[in-house]
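Working through the structure, step by step
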Amino acid sequence: MASSDLVTTCLSPPVHYVICKLGFEKKDSYDINNILSENGEVCWQAVTEHVCYLESGQNVDYITSIRSLGPVCECVNSYFKSLTKEQFVIQYALWFHWTNYTELFLEVFDVLQYTQTTEVALVLMKLTSCLERALGDVYLLIGKDCPFLLRDLLASEQLAVAFGQAVMNLLRIFIGSPYGLNLRNVLWHGFASPEEIPAKYCAMLLFLTVGLGQLLQTYLLQTKCTLVHRPYVIFVSLEELDVFPDLNHEALSIAEELVKRSSFVLKTMSPFWMAALTAFKQSRYADCVILLLPQLEVGLRLLFTTTNKCPNRMLTAEPSALYTTFDEMLAKHLDNEINQLPAVLEEPAMEFLWDFLNHQEGPRIRDRLSHGEINLKAFPRKVANQIVAFAITLLCRFSDEDVFAFKEHMVIKPLMNCASCYRAQFHPISRLKKQVLECMKSIHLWPELPTVPEEHIQTIKGLEGNTEDSTLILMVSEIISQLQQYMPQNCYSSDDPINSVLTERLLIELCDTRICTLYSPRPVLEVLVVFRKISTQCHQVSEHVIASAELRYKQWMSKTLRSRQRQNYLRMLNSIKFLSLVLRLILVLITLELVNIHLVCKKNPFDYQQYLKFLKSVLQYTENLVTYTNPEKNKWDETLELTNKALIKIRKMSDRKLMLMQLAT
């Protein structure tokens, strides 16, 4: 790995010039009264006249504009420093209400008083994400689907209607355009060190947020609209994110020592690392993660550029090219070649990164934080703990110095062990495993359901000596005997083939099989979609059965069922015997197929389409079951006929040896 001491900046020369020097070239002094009225209103015309345009008259000349705005930003920064906190609150706090996070902007004011560089960068990242979220809320007053990218949001007609085109052009000089200062992206992707972000640009964005609040009030009064704030995203299933043990003070102290020694850390960026660890100690968990995520990206970018021998990608790209971000670094290919980073990081670390950053059903922490979707005041410690712990393992793994003693330390070794055996939680394969096990648990509740005595069921006309049930059970038994060779040997008993196989124990053992999740080919993902839909429908059937059984039993005991309803209830009790077998068979079937899912890529196009067609027929069966078992439908006789047809298809598919598990032998 290239020495992190050799990298003194991650800003390319043109970008470094734009951010660090361009806005300081004009030495003019500027009077705050030119852009601020006596009653604290932003004079937009005076501010926007500093936005310069190219000869075409429509496109912003970013270079000239930044140079012209430099003294204005300096003036605003000096003005804010001249105010007391009380004066600032009285004069401006009202104009931050539209952001739904007034306290953050008061925090920005506090930071500007002391200009501690790391803190300036932190509040600037928080400010830009909050501002983006608030602007998105304004967009939704007029438009329907809010753009995901800040660049597209700021360029939208909807915001130009609310605030004016000149105002939006001014804002894009600071954030949202790769041709401008692009402060948001440069910071969130870890390209700027603490010393490289002038505080005056943070002050200017604070000033502009005040002005936007004033413009918005006018717009809302004119249109008689009410600004509605979208709810924050809430992390669900936090227990699934709980991978690493809780970090104590000793672990954090060792982490601070590792930051000084590890070649994963650029020396210019080490203040961010230290600030992140301090934030964790102070229970400022959102701050900790906001500081740390860009640094993980920097460290991985250093690894990426070293292993792929492309040192130029360490720097910010020019406006015409893409930055090298997490998306590129975690991808399988790089410029039509195999990306070498995954091999260096190894599968567990790659799965962790994909889980926490990319998978749609995962927390997608970086996206959600940087786009302002998370309530920073209630950020869970558990999530921050995972990010910090994972970062510590990378500090240990990628170091030029001998850190063996650290790796073996009693508080660090458990972290290393957890990291080395991590398995994906949020890939569709992992989600399917979870679904299957939850569904099986639900079906296992059926025998515990309250039921009327067996002799009542046998008195129903048409159910005496019912041969159809026996036929279905026989078919299930035949299918199991065909598939038993593909199951773990300890999960099959010839004395009781059905009940020895269709068990939760078998599914747990199968689901414990490690299946590659990285870079799943399209056919694998397509099949997974169908598997998950089948599992979902099976679970819905189980919920219907449980709800109907409990309700009808109560009605039976209270003698409130009419004669026809009693007959239907007894038919249901008879039907759920074979339904339990068939649903469990389907769960075992898709789990066996899941274990061999990558073999789907070996099927030729015709066989693949036939296989998909078969899976969709099973899905159709489960969808129909959901309809027929609905407490409002109760079509129990029809479920028998449906099940018979579905089992015939499954047996036929097995006879023709077209299952994935059969390809494995």
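Further up the page is the structure itself.
Quick summary incoming for the structure in this document. None of these values were measured; they are calculated from a predicted model. (Residues numbered from 1 in each chain as written. Predicted model: local features only at pLDDT ≥ 70, side-chain atom pairs only at ≥ 80, totals over all residues. Heavy atoms only, no water.)

Let's talk about the overall build of the protein
In terms of helices and strands, the protein carries 31 helices and two strands. In terms of principal-axis extent, the alpha carbons of the protein reach across some 100 × 65 × 50 Å. Within the protein, buried positions represent 56% of all 665 residues. If you average the places of the 65 positive and of the 71 negative side-chain charges in the protein, the two averages end up 6 Å apart. (Helix = DSSP H or I, 4+ residues; strand = E, 2+ residues; numbered from the N terminus. Buried < 20%, exposed > 50% of the residue type's maximum accessible area, 1.4 Å probe, protein only. Lys, Arg positive; Asp, Glu negative; His and termini not counted. Charge placed at Lys NZ, Arg CZ, Asp CG, Glu CD.)

Quick notes on unusual backbone geometry
Positive phi outside glycine occurs at aspartate 335, with the angle close to 50°. With respect to the helices and strands, the residue aspartate 335 is situated in the loop between strand E1 (333-334) and strand E2 (337-338). The backbone of asparagine 336 sits at a positive phi, close to 70°, despite the residue not being glycine. Positionally, asparagine 336 belongs in the loop between E1 and E2. With a relative accessible area of 78%, asparagine 336 lands in the exposed category.

Regarding the packing of aromatic side chains
The tally for this structure, following the rule as stated, stands at 22 aromatic pairs. Between phenylalanine 264 and tryptophan 273, the aromatic rings sit 6.3 Å apart at their centres with planes inclined by 80°, giving edge-to-face as the arrangement. Among the aromatic residues, those joined into a ring-pair cluster are Tyr79, Phe80, Phe88, Tyr92, Phe96, Phe105 and Phe109. (Phe/Tyr/Trp six-rings, centres within 6.5 Å; stacked < 30°, edge-to-face > 60°.)

Concerning the pattern of salt bridges
It is possible for side chains bearing opposite charge to pair when their charged atoms get close. One pass over the structure, following the stated rule, counts 32 salt bridges. Among the ionic pairs, arginine 230 bridges to aspartate 137, the shortest N-O distance being 2.7 Å. A residue pair is termed long-range when its members are at least 10 positions apart, and arginine 230 in the loop between helix H11 (199-223) and helix H12 (249-261) and aspartate 137 in helix H6 (residues 117-142) qualify at 93 residues. By relative accessible area, arginine 230 is classed as partly exposed at 24%. Aspartate 137 gets classed as buried once you look at its relative accessible area, which sits at 3%. (Salt bridge = Lys/Arg side-chain N within 4 Å of Asp/Glu carboxyl O.)

Considering the nonpolar core
Membership of the largest hydrophobic core comes to 167 residues, with the highest contact counts inside it found for Phe80, Phe163 and Phe174. Phenylalanine 174 has contacts with Leu69, Cys73, Leu181, Asn182, Leu183, Tyr201, Met204, Leu205 and Leu208, leaving out every residue within four places of it along the chain. (Core = buried A, V, L, I, M, F, W, Y, C linked by side-chain atoms within 4.5 Å. Contact = heavy atoms within 4.5 Å.)

Description of the side chain of asparagine 182
The topology assignment puts asparagine 182 in the loop between helix H9 (165-174) and helix H10 (183-188). If we ignore the near neighbours within four places in the chain, the residues touching asparagine 182 are Ile173, Phe174, Gly176, Ser177 and Tyr323.

Describing the side chain of threonine 503
Structurally, the position occupied by threonine 503 is in the loop between helix H25 (497-501) and helix H26 (504-511). One polar contact links the side chain of threonine 503 to the main-chain amide nitrogen of leucine 506, over a distance of 3.2 Å. Setting aside its immediate chain neighbours within four residues, threonine 503 contacts Met440 and His444. (Polar contact = N/O pair within 3.5 Å; in protein donor to acceptor, adjacent residues only side chain to side chain.)

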